[in-house]
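# Summary of the model geometry
Given next are the chains, with one letter for each unit.
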Amino acid sequence: MNKVGEFEELRPLLFSIAYRILGSVSEAEDAVQETWLRFDGSATTPTSVKALLSTTVTRISIDVLRSARVRREEYVGPWFPEPLLSDPYQDPARSAELADSVSMAALLLLERLSPLERSVFVLREVFGFRFDDIASTVGRSEAACRQLLVRARRHMEAGRPRFEADRREREELASRFFDALREGDVVGLRDLLAADVQMVGDSGGKAPQLARAVVGAENVARLLASVYPLLTRISVTFEPHQVNAQPGAVFRDRDGRILHTLALDVLDGQIQAIRSVSNPDKLGHLGQVADAWSINAEVKEARRQMK
């Protein structure tokens, strides 16, 4: 197999590593492209192409993450990862780890880790790399990598929920949620929400959002039931879709352009969190992006006409 073929075969893995380290589709794609340029420009024949490319994309991602941390500190409002509708890398032996690690909740927990902790955790816990390979990748001893992993696990486990929901339960509850959302059914929505549910939006200051953060089943249910029927009146539609391996939906304007995504955290038989991403900079990889400000103006007009 030539270089192009070898690289393309490993591209899904490289992207999946980079995305989990960076939480950004665009930055992960750039890291993968830079990895290709370095591989293509090298005259050395590696013992293992997979090891070489995994090391390269990880090191590039660590460098990008260090600079991204500064930008994220200056970010307007809550910061969420760029929504991922499908993970290009599949491994049946590690399907649970892959799905869990790409959820919004897990990626936000990973934000608490240092770049090295995050990289070691991703390589070991998600992709099952050996410690000697991880040590070579991040430029630390195996003992140091084990310590980095211990600290990373401690941070991750401290933030994880106590109860997990199986996939069928999540999908069933999400289906009921979106049915109630279509109907503007306050009671139906409220019954599905945890008492302390949080609804948070990431607009980056570049799009209107329902609210910076809304807490409590009654508040969230009433807000959702008041807004989404108005969106329906102006021909906004949504399609249920896996978002970061969790139940969610993609919302589109009347011309099919992306308005925002919604992701649900379902645990212990209830929706614990609702996260929306409407920052247009984070939606471009999904397709043409809608003019959210124009949609917002139409919603206000529709509300005025109903009074």
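Before going into details, it helps to say that this report is about the structure given with it. (Residues numbered from 1 in each chain as written. Predicted model: local features only at pLDDT ≥ 70, side-chain atom pairs only at ≥ 80, totals over all residues. Heavy atoms only, no water.)

### Considerations on helix H12 (residues 292-306)
Condition: Per the convention used, a helix needs a DSSP run of H or I reaching at least four residues, while a strand needs a run of E reaching at least two, with both numbered from the N terminus. Multiplying 1.5 Å by the helix residue count minus one yields the expected span of that helix. Summary of the burial criterion: residues with accessible area below 20% of their type's maximum are buried, those above 50% are exposed, and those between are partly exposed, where the area comes from a 1.4 Å probe applied to protein chains only. In this context, the arc is that of the directions from the helix axis out to the C-beta atoms. Note on definitions: a residue-residue contact is assigned when non-hydrogen atoms from the two residues lie within 4.5 Å. Here a polar contact is taken to be a pair of N or O atoms separated by no more than 3.5 Å, where protein atoms must pair a possible hydrogen donor with a possible acceptor and residues adjacent in sequence count only if both atoms sit in side chains.
If you check H12, its first and last C-alpha atoms are 21 Å apart, about what 15 residues at 1.5 Å a residue would give, namely 21 Å. By the burial criterion, the buried members of H12 are Ala 292, Ile 295, Val 299 and Ala 302. For H12, the arc enclosing every buried residue in end-on projection is 75°, short of the 170-degree limit, so these residues lie on one face. Opposite the packed face of H12, turned more than 90 degrees from it, sit the exposed residues Lys 300, Arg 304 and Gln 305. In the core, the buried residues of H12 are packed alongside helix H11 (217-233) and strand E5 (258-267). Sitting at the amino-terminal end of H12 is Asp 291, which places a side-chain oxygen 3.2 Å from the backbone nitrogen of Trp 293.

### As for the pattern of salt bridges
Our working definition: Just to be clear on terms, a salt bridge is a Lys or Arg side-chain nitrogen sitting within 4 Å of an Asp or Glu carboxyl oxygen.
Evaluation of the coordinates by the stated rule reveals 23 salt bridges. Here Arg 11 and Glu 8 are joined by a salt bridge, their closest N and O atoms 2.9 Å apart. Of the two residues, Arg 11 and Glu 8 both sit in helix H1 (residues 3-22), 3 residues apart, roughly one turn of that helix. Judged by its relative accessible area of 38%, Glu 8 is partly exposed.

### Considering the sheet that holds strand E1 (residues 193-202)
The strands that make up a sheet pair up through hydrogen bonds in the backbone, lying either parallel or antiparallel. Using the following cut-off: At least two DSSP bridges between two strands are needed for those strands to be called paired. Axis definition: a line fit to C-alpha positions, over the contact stretch in the case of helices; interaxial angles, taken between N-to-C directions, run 0 to 180 degrees.
The strand order E2-E1-E6-E5-E4-E3 describes an open sheet built from 6 strands, whose pairing is mixed. Of all the strands in the sheet, the pair left with one neighbour each is strand E2 (213-215) and strand E3 (237-243). Each adjacent strand pair in this sheet contributes to an overall mean axis angle of 15°, direction not counted. Taken together, the 7 bridges between E3 and strand E4 (residues 246-252) define a ladder with antiparallel strand orientation. Across the sheet, the residue bridging to Gln 242 is Pro 247, located in E4.

### As for the packing of helix H6 (residues 115-126) against helix H8 (residues 142-159)
For clarity, the threshold we go by: Roughly parallel means an angle under 35 degrees; roughly antiparallel means over 145; roughly perpendicular covers 65 to 115; every other angle is labelled oblique. Ten residues, namely Ala, Val, Leu, Ile, Met, Phe, Trp, Tyr, Cys and Pro, are considered nonpolar, four, namely Asp, Glu, Lys and Arg, are considered charged, and the remaining ones, Gly among them, are considered polar.
It is at 8 Å that the axes of H6 and H8 come closest, and there the two elements cross at 90°. In terms of orientation, H6 and H8 fall into the roughly perpendicular class. Together, Leu 116, Glu 117, Val 120, Phe 121, Arg 124 and Glu 125 of H6 and Cys 145, Leu 148, Leu 149, Arg 151, Ala 152, Arg 153, His 155 and Met 156 of H8 make up the contact between the two elements. Tallied by class, the residues present in the contact of H6 with H8 amount to 8 nonpolar, 1 polar and 5 charged.

### Considerations on the packing of aromatic side chains
Using the following cut-off: Between rings of Phe, Tyr and Trp, where Trp is taken as its six-membered ring, a pair exists when centres lie within 6.5 Å; planes separated by under 30 degrees are stacked, by over 60 edge-to-face, and by other angles tilted. Distance and angle both matter: a charge sits over a ring if NZ of Lys or CZ of Arg is within 6 Å of the ring centre and within 35 degrees of the ring normal.
Scanning the entire structure with this criterion turns up 8 aromatic pairs. Taken together, a centroid distance of 5.2 Å and an interplanar angle of 55° make the contact between Phe 7 and Trp 36 tilted. Within this pair, whereas Phe 7 is found in helix H1, its partner Trp 36 is found in helix H2 (residues 25-40), the two being separated by 29 residues in sequence. We note that Phe 7, like Trp 36, is buried. Look at Phe 238 and Phe 251: their rings are 4.9 Å apart centre to centre, the planes differ by 35°, and that puts the pair in the tilted class. Taken together, the positions of Phe 238 in strand E3 and Phe 251 in strand E4 put the pair 13 residues apart, joining distant regions of the chain. In terms of burial, Phe 238 and Phe 251 fall into one category: buried. Taken together, the ring pairs in this structure connect Phe 177, Phe 178, Tyr 228, Phe 238 and Phe 251 into an aromatic cluster. A cation sits over an aromatic face here: Lys 3 above Phe 39, 4.9 Å from the ring centre. When the ring centre of Phe 131 is taken as origin, the NZ or CZ atom of Arg 146, which lies over that ring, is 4.0 Å away.

### Considering unusual backbone geometry
Even without glycine at this site, Ser 235 takes up a positive phi of about 70°. Within the secondary structure layout, Ser 235 lies in the loop between H11 and E3. For Asn 244, which is not glycine, the phi dihedral falls at a positive 55°. Locating Asn 244 in the fold gives a position in the loop between E3 and E4.

### Thoughts on the pairing of E1
Burial within E1 is extensive, with 7 of its 10 residues counted as buried. Bridging between E1 and strand E6 (residues 270-277) involves 6 bridges; their strand directions are parallel. Counted as the bridge partner of Gln 198 is Ala 273 from E6. Across 3 bridges, the pairing between E1 and E2 is antiparallel.

That's the geometry; what it means functionally is another story.
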